[in-house]
Amino acid sequence: MRGLVAAWCLCGALALGSGYPLIKVRPNDTGSNFFPDAHHNTGIAERCADKGFDAITLDDKGVMYYFRDEFVWKGYRGPAELINSTWPEIGAPIDAAFRIHHKNNPEAHERMFLFKGDKAWAYYENKLVPGYPKLISEEFPGVPSDLDSVVECPSGECKSDSILFFKGSSVYTYDLSQPPAMKERQWPLVQNCTAAVRWLEKHYCFQGVNFTRFNPVTGEVHRGYPLDSRDYFISCPGRGHGHETRKNATLMSIKNRCSNRSFEAFTSDDSGRIYGFRGGWYFRIDSKRDGWHAWPLSSIWKELTGIVDAAFNWENKMYFIQGSQVTIFLSDQLYTLVQGYPRPLQEELGVQQVDAAFTCPHSSDLYIIKGNTLTLVDLKQTPRLPGKEHIIVHQHVDSAMCNSQGVYVFDGPSFYLYKDVNELLLAQVHPQPRSIIAEFMDCTQ
């Protein structure tokens, strides 16, 4: 029952029709300490006070840190600790913190930065990086001192790897490309952020104890906000948004990654992101470091609802097949809906029905599975027409995907791995079944 706590904590996202941040679940967490007794958790009263935080960030291991005054709380339930006991080089309190995303500079990638006054400290594994602290103006030219908050914005969510610096009513977007570039903006609905954080590809501005989810490119604020952080980000006695959902066994099973329910679709894109789809919800399979959570489809793909029958990626676009319709989103632009979609599946791909569909990385070959047949469609072809049908060993398939490890075929609670499409086509018997929840969802069977 390692996903029980995550499943319990998701009803707010369903009720309000949007995705919300949830706890980071420990392996084999049964939920027995879901709301620990305040008398046995040093600092719980202070953590849950009506004050908000000075800064919030994830570290390079995926642990969320909450800073206020001279204290830091590590994780959803962590007790109060002195900031100076972990980071003795910086005097508390701090102004801001963030975890940098900078894949073009591996030495800097995933360092955690702390800011105070006109200086910035860089840490990796909570050890000060040699050469720090540095002046903010030296490390990030043009960025002001005495910041309110900072948050990263990776390529695909912003145009390129970037950092958002907040001070008063201004937000400074710092592009990490070479040479770096900065642009100052005014976002009326996103300002005076006392803290900011990116959590599973979603960006949040905290204003005291409340938080708002926003678009890091446009400053657009999502519906249903602001919300109280004590119901979502930290454990507080008597609070939380998951209690009513515990009564709904079906919904719990859909959102519990360890329930062994089948998935309607899986897909992997060229950047390595893996998604699993079940019952109108999705899991980010490759982001387990930041916790396992189910999210409603509309939390990323705003126009998408209902069951996903198949999904695949090609040329920075994500295709969703639902019944006789196909919908396309731009993957590198925060999943913006392509104009003119959804469209009929027959017009788009030359087929009327699909059980599973997949592309392999950097290939225009789309493989469509229907029943026990596999058909190739060349996505570069106009019009797109299906090729010859080939019989495969599987009589039924829920989903399929392809990445650098091979071709995965999913059926019920199991998957079958082939080194490539040719091995799948030539197979006379399918390989040994493997457990989806054990190998993809990190669950104990």
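Structure's up top.
Residues numbered from 1 in each chain as written. Predicted model: local features only at pLDDT ≥ 70, side-chain atom pairs only at ≥ 80, totals over all residues. Heavy atoms only, no water.

A. Spatial organisation of the overall build of the protein chain. On a plain count of helices and strands, the protein chain comes out with nine helices and 34 strands. Taken over 445 residues, the protein chain has a buried fraction of 56%. In the protein chain, 47% of the contacts between residues at least 6 apart in sequence involve partners at least 24 apart. In the form shown here, the protein chain has an accessible surface area of approximately 18,800 Å², with 49% of it arising from carbon and sulfur atoms. (Helix = DSSP H or I, 4+ residues; strand = E, 2+ residues; numbered from the N terminus. Buried < 20%, exposed > 50% of the residue type's maximum accessible area, 1.4 Å probe, protein only. Contact = heavy atoms within 4.5 Å. Areas by Shrake-Rupley, 256 points an atom, 1.4 Å probe, with all protein chains shown as cover.)

B. Quick peek at the pattern of salt bridges. Enumeration over the complete set of coordinates arrives at 17 salt bridges. Lys302 is the partner of Glu220 in a salt bridge, and the nearest nitrogen-oxygen pair spans 3.6 Å. Placement of Glu220 in the loop between strand S16 (210-214) and strand S17 (227-228) and of Lys302 in the loop between strand S21 (294-296) and strand S22 (310-314) is noted, with a sequence separation of 82 residues between them. The class of Glu220 is partly exposed, set by a relative accessible area of 39%. Its salt-bridge partner being Arg284, residue Asp286 comes within 2.7 Å of it at the nearest N-O pair. Residue classification places Asp286 among the partly exposed positions, given a relative accessible area of 35%. (Salt bridge = Lys/Arg side-chain N within 4 Å of Asp/Glu carboxyl O.)

C. How the structure looks around the side chain of Thr86. Within the element layout of this structure, Thr86 appears in helix H4 (residues 83-86). Each residue touching Thr86, except ones within four places of it in the same chain, is listed here: Lys74, Glu81 and Asn126.

D. Layout of the environment of Ile307. Along the chain, Ile307 falls in the loop between S21 and S22. The exposure class assigned to Ile307 is partly exposed, which follows from its relative accessible area of 39%. For the pair Ile307 and Gly279, spaced 28 residues apart in sequence, the C-alpha separation works out to 5.7 Å.

E. Region of the structure containing the sheet that holds strand S12 (residues 170-175). The sheet built from four strands is open, its strands ordered S10-S11-S12-S13 with antiparallel pairing. Each edge of the sheet is formed by a strand with only one pairing partner; in this case those strands are strand S10 (149-153) and strand S13 (181-186). Strand-to-strand twist across the sheet, computed as the mean angle between neighbouring axes with direction ignored, equals 20 degrees. Both S12 and S13 contribute to a ladder of six bridges, which runs antiparallel. The partner of Thr173 across the bridge, within S13, is Lys183. (Pairing = 2+ DSSP bridges. Axes fitted to C-alpha atoms, helices over the stretch in contact; angles between N-to-C directions.)

F. Quick look at the sheet that holds strand S27 (residues 356-359). Across the sheet, which stays open at both edges, the four strands sit in the order S27-S28-S29-S30 with antiparallel pairing between neighbours. Every other strand in the sheet has two partners, leaving S27 and strand S30 (390-391) as the edge strands with one partner each. Examined bridge by bridge, S27 and strand S28 (residues 365-370) share four bridges and lie antiparallel to one another. In the sheet register, Phe358 faces S28, and the bridge partner there is Tyr367.

G. Representation of the nonpolar core. Ranked by size, the top nonpolar core spans 35 residues in total, and within it Tyr204, Phe233, Phe277, Trp301 and Phe320 carry the most contacts. Of all the elements in the fold, those that place two or more residues in this core are strand S1 (55-58), strand S2 (64-68), strand S14 (195-199), strand S15 (202-207), strand S19 (274-278) and strand S23 (317-322). Top contributing element to this core by residue count: S14, with three residues. Apart from residues lying up to four places away in sequence, Phe277 is in contact with Phe263, Glu264, Ala265, Thr267, Tyr282, Leu297, Trp301, Val308, Ala311 and Phe320. (Core = buried A, V, L, I, M, F, W, Y, C linked by side-chain atoms within 4.5 Å.)

H. Fine view of the state of the cysteines. For the structure on display, the rule yields five disulfides. In this model Cys360 forms its disulfide with Cys402; the gap between the sulfur atoms is 2.1 Å. As the torsion about the S-S bond is roughly 105 degrees, the Cys360-Cys402 disulfide counts as right-handed. Of the two residues, Cys360 is situated in the loop between S27 and S28 and Cys402 in strand S31 (residues 399-403); the sequence distance between them amounts to 42 residues. Take Cys360 and Cys402: they sit in the same class, and that class is buried. Here the cysteine-cysteine linkages of the protein chain are recorded as 1-6, 2-3, 4-5, 7-10, 8-9, numbering only bonded cysteines and doing so in sequence order. (Disulfide = S-S within 2.5 Å.)

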